[in-house]
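# Examination of the molecular architecture
If you want the building blocks of each chain, they are given just below.
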Amino acid sequence: MASTEVVLRKQEKLRCLPPGHDDRDVALFNLAAALYDRYRKERKIDDLNEAITFYRDALELRPVKDDGRSSILNQLALCLSNRYDRHGLVDDLEEAITLGRAALELCPSGHPSRDVSLNNLADFLRRRFTKKAVIHDLEEAIELHRLVLELRPATHPERSPSLHKLALCLSNRYDRHRLVNDLEEAITLGRAALELYPPWHPDRDKCLFILACNLRRRFVEKAAICDLEEATELHRSALELLPAAHPERPLSLYNLALCLSDRYSRHGLVVDDLEETLILKHAALDLRPSRHRGHDISLNNLTYNLGRRFVNKAAVCDLEEAIKLHRSALELLPSAHPERSSVLHELAYCLSNRYDMHGLVDDLEEAIALGHAALDIRPSGHPGRDVSLYVLACAIWKKFQKQANIPQSHNADSPNQATSVVCPTSKAELASSLFEFSFRLWGTLQMQATVTDLNEAIHLVTYALELRCPRNSLDDDAWIRKLAQETDSDEPGLVVENLADLVNCFPRYISCNQHAIVDLDVAITLCRYVLQFRPIGHPNRASSLHALAQCLAGRFRRQSIITDLDNAISLEQEALHLFARGDLDFDMSRRCLAACLQMKFD
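Figured I'd write up the structure that's included with this text. Remember, it's a predicted structure, so these values are computed and weren't measured experimentally. (Residues numbered from 1 in each chain as written. Predicted model: local features only at pLDDT ≥ 70, side-chain atom pairs only at ≥ 80, totals over all residues. Heavy atoms only, no water.)

## Focus: the pattern of salt bridges
Scanning the model with the defined rule gives 32 salt bridges in all. With its nearest N and O atoms 3.1 Å apart, the salt bridge here joins D85 to R127. Here the residue D85 occupies a position in helix α4 (residues 69-87), and R127 occupies one in helix α6 (residues 114-132), the gap between them amounting to 42 residues. The salt bridge involving D227 is made with R218; its shortest N-O contact spans 2.8 Å. Judged by its relative accessible area of 4%, D227 falls in the buried class. Each of the salt bridges in this network shares a partner with another, and the network as a whole consists of E94, R128, K132 and D137. (Salt bridge = Lys/Arg side-chain N within 4 Å of Asp/Glu carboxyl O. Helix = DSSP H or I, 4+ residues; strand = E, 2+ residues; numbered from the N terminus. Buried < 20%, exposed > 50% of the residue type's maximum accessible area, 1.4 Å probe, protein only.)

Now the structure itself:
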């Protein structure tokens, strides 16, 4: 009510100062300030819009070089930044940055408001970094916040927010570049800011929250359990300061749950941590309705921990709820969302577990399809690719064991028959099984196999190779060389010979049907791997050269990559030189080379 009375008085004052009056700019500024103050208390957007209008009017009445102009510029920029936070209109943020720069120009070194202009511009630039992810904005924000700190010594009342904001920017830069020095400085600044915030300060919860998040980041980086313990306690303290209806309460619940989940992963036996994690994530989900931007993430994390409790207690209700929630999360996540691969992976894992319990083939088929989808968006170098590959490989192993109809030692008619054979636990054993399944599949289907069968066979082999030697961020050539060096010396002969039989079929499928969708990228990788074991002088080198050449030529037809065609010609020329003149293979190689040369001339 007091705010409204202030606004009414300022409106009456403005009415007494008609256009042309010398003090009208001051009255406009004061009314705008009163409206902005009421907006901050009551959050009515009309007040903010009116404040912006009156600040613009005041600005027009102030000369460009007027000393008071910087205050109007700063206040108008703040209002536009607030409106951006409310509606997300980038034009408001861009104008706020432009006005912030203009205000700073009017506040040279020594000006009493220079620290305010530096601080505001730094805040706006960090907001734009959050929106557009342009690192230059964040770098400039960091430099500006450092300048602010120089102007706000230890006794300055605004030093603690400046420490906090610089810590926030440094943690953002750590997330981008993973420079540990940024994280260490962010933690040091966060502690310093917290010391300056008294227990009753309205922003103490934010300082506690950011410091806790940075300590958890360091725990992930260095695995020091003391960091995780401190982060947990700080998140609890932050949560105590946030009432039930506070808009930041769901995020605080969520991050405390992450810490407890990490502690459960570390200790394994502290089941209370997992139980509290589930309670907190249920609470966070309740506070984030279906249209809330964090609803999908809350769903995903709650479901993940339900899956962990299922593994710990084998409670079927947890598994069913996890599957249901993962499906809901998947519906909310667009194809490009960074969390989509995690949801696909976790849902595949849950369905595979349900197959183990009930033996429903549909669950297993869906688990495999989802596993493929997760792997497709977790390329080489993705931190989650290894675990997704393992879960997918296990599901494929279960499928082939089911198809093989292995005699069971107990109760062969049981509906849970799928669980009677234990999946290999080591990656090496799993890789060997996938090799076996792939070659068995191809040997059985070769005469009447479809392109789908061929793709399944080559993907099985590729997964097996990657289980043996993770790709990480290696390019194809580097990975193939490393793979050839690390291949188990007891097994390569059989594996390579069987794999050679498989890759030698590629040209037939490519030449018989130009529109057949053979996964040529994977096929080319396998051909190159086999060629590592076919050095000059090897009796089967020619056939391996021909297979690789035709895969490259096939990819050129689809993608028009000229280096593929050039390499195909070079490989086919070498193969033709090695084939015996008059053999069927010689004639086939010559026809293929002629076709490649024709494409080159065309």
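## Brief notes about the nonpolar core
Counting 67 residues, the largest nonpolar core has F54, L76, C79 and L234 as the members making the most contacts within it. It is helix α2 (residues 24-42) that contributes the most residues to this core, eight residues altogether. With sequence-adjacent residues up to four places away left out, C79 is seen in contact with Y36, L48, A51, I52 and Y55. Core analysis: the second largest hydrophobic core is formed by 59 residues, W397, L545, L576 and L593 among them. (Core = buried A, V, L, I, M, F, W, Y, C linked by side-chain atoms within 4.5 Å. Contact = heavy atoms within 4.5 Å.)

## Quick word on the packing of helix α3 (residues 45-61) against α4
Relative to each other, α3 and α4 sit at 150°, their axes nearing to 9 Å. With respect to α4, the element α3 is oriented roughly antiparallel. Of the two possible hands of crossing, α3 and α4 adopt the one that is left-handed. Residues I45, L48, N49, A51, I52, Y55, R56, A58 and L59 of α3 touch α4, and the partners they reach there are R69, I72, L73, Q75, L76, C79, L80, N82, R83, R86 and H87. Tallied by class, residues from the contact of α3 with α4 come to twelve nonpolar, four polar and four charged. (Axes fitted to C-alpha atoms, helices over the stretch in contact; angles between N-to-C directions. Parallel < 35°, antiparallel > 145°, perpendicular 65-115°, else oblique. Left-handed = near helix turned anticlockwise from the far one by under 90°. Nonpolar A, V, L, I, M, F, W, Y, C, P; charged D, E, K, R; others polar.)

## Concerning the environment of V361
Mapped onto the elements, V361 comes out in helix α17 (residues 361-376). As for V361 and K399, which are separated by 38 residues in sequence, their C-alpha atoms are 8.2 Å apart. Excluding its chain neighbours within four sequence positions, the residues that come into contact with V361 are Y355 and K402.

## Some thoughts on unusual backbone geometry
Of note in the backbone geometry, A223 takes a positive phi value of approximately 60° without being a glycine. Tracing the backbone through its elements, the reader meets A223 in the loop between α10 (204-222) and α11 (225-240). Exposure remark for A223: the relative accessible area of 41% places this residue in the partly exposed category. The backbone of S560 sits at a positive phi, close to 55°, despite the residue not being glycine.

## Concerning the packing of helix α26 (residues 562-578) against helix α27 (residues 584-601)
At their nearest, the axes of α26 and α27 sit 9 Å apart, and the two run at 150° to each other. Taken together, α26 and α27 sit at an angle that is classed as roughly antiparallel. Helix-helix and strand crossings are classified by hand; for α26 and α27 the assignment is left-handed. Along the contact surface, α26 presents I562, L565, D566, A568, I569, E572, Q573, A575 and L576, while α27 presents F586, S589, R590, C592, L593, C596, L597, M599 and K600.

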